[in-house]
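# Per-entry structural report
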Amino acid sequence: QVQLLESRGGLVQPGESLKLSCVASGIIFSRYAMEWYRQAPGKQRELVATITTGGNTNYADSVKGRFTISRDNGKNTVYLQMNSLKPEDTAVYYCKVKWMDYWGQGTQVTVSS
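The following refers to the structure shown. Counting of residues starts from 1 at the beginning of each chain's written sequence and follows it residue by residue. It should be noted that, the model being predicted, local features are given only for residues of pLDDT at least 70 and side-chain atom pairs only at 80 or more, the latter also being counted only at that level, while totals for whole chains, interfaces and linings use all residues. Values shown for side chains rest on all heavy atoms present in the structure; no hydrogens or waters enter the calculation.

### Description of the environment of Ala91
Let me state the cut-off plainly: Strands are runs of DSSP state E lasting at least 2 residues, helices are runs of H or I lasting at least 4, and numbering of each runs from the N terminus. Classification of residues uses two cut-offs on accessible area relative to the type maximum, computed with a 1.4 Å probe and protein chains only: under 20% is buried, over 50% is exposed, and between them is partly exposed. Note on definitions: a residue-residue contact is assigned when non-hydrogen atoms from the two residues lie within 4.5 Å.
By secondary structure assignment, the location of Ala91 is in strand β9 (residues 91-97). Taking the relative accessible area as the measure of exposure, Ala91 reaches 1% and is therefore buried. Through-space distance from the C-alpha of Ala91 to that of Arg38 is 5.8 Å; in sequence the pair is 53 residues apart. Not counting chain neighbours up to four residues away, the residues in contact with Ala91 comprise Arg38, Gln39, Ala40, Thr107, Gln108 and Val109.

### Section: the side chain of Asp89
Here Asp89 shows up in the loop between β8 (77-82) and β9. For Asp89, a relative accessible area of 1% corresponds to the buried category. Leave out the neighbours within four places in its chain, and Asp89 touches Arg38, Arg66, Phe67, Ser84, Val109 and Val111.

Written out as structure tokens, the structure reads:
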């Protein structure tokens, strides 16, 4: 049984940073590319960042230069470091196994003064 457990998000002010983590179980983590998605109220879910098994990364234009995805295969964990947060980053963030329909439960990130 595949499980993806995301860390708690939170409420931060514009310009602040937040780091999300997602621990995977039930898969050989190192064999899978991982993704972070987000869904803002009233909007479609969008792909934020991807990391391959080899550590190559790709980002949505809206977060490029501010967000960093990384992974620790020894801990079966994928991270999303979010810097210079903006109110438009407010969303529920989900981790996902690329090419497979396995999702985390989602964690709320709110950026507001």
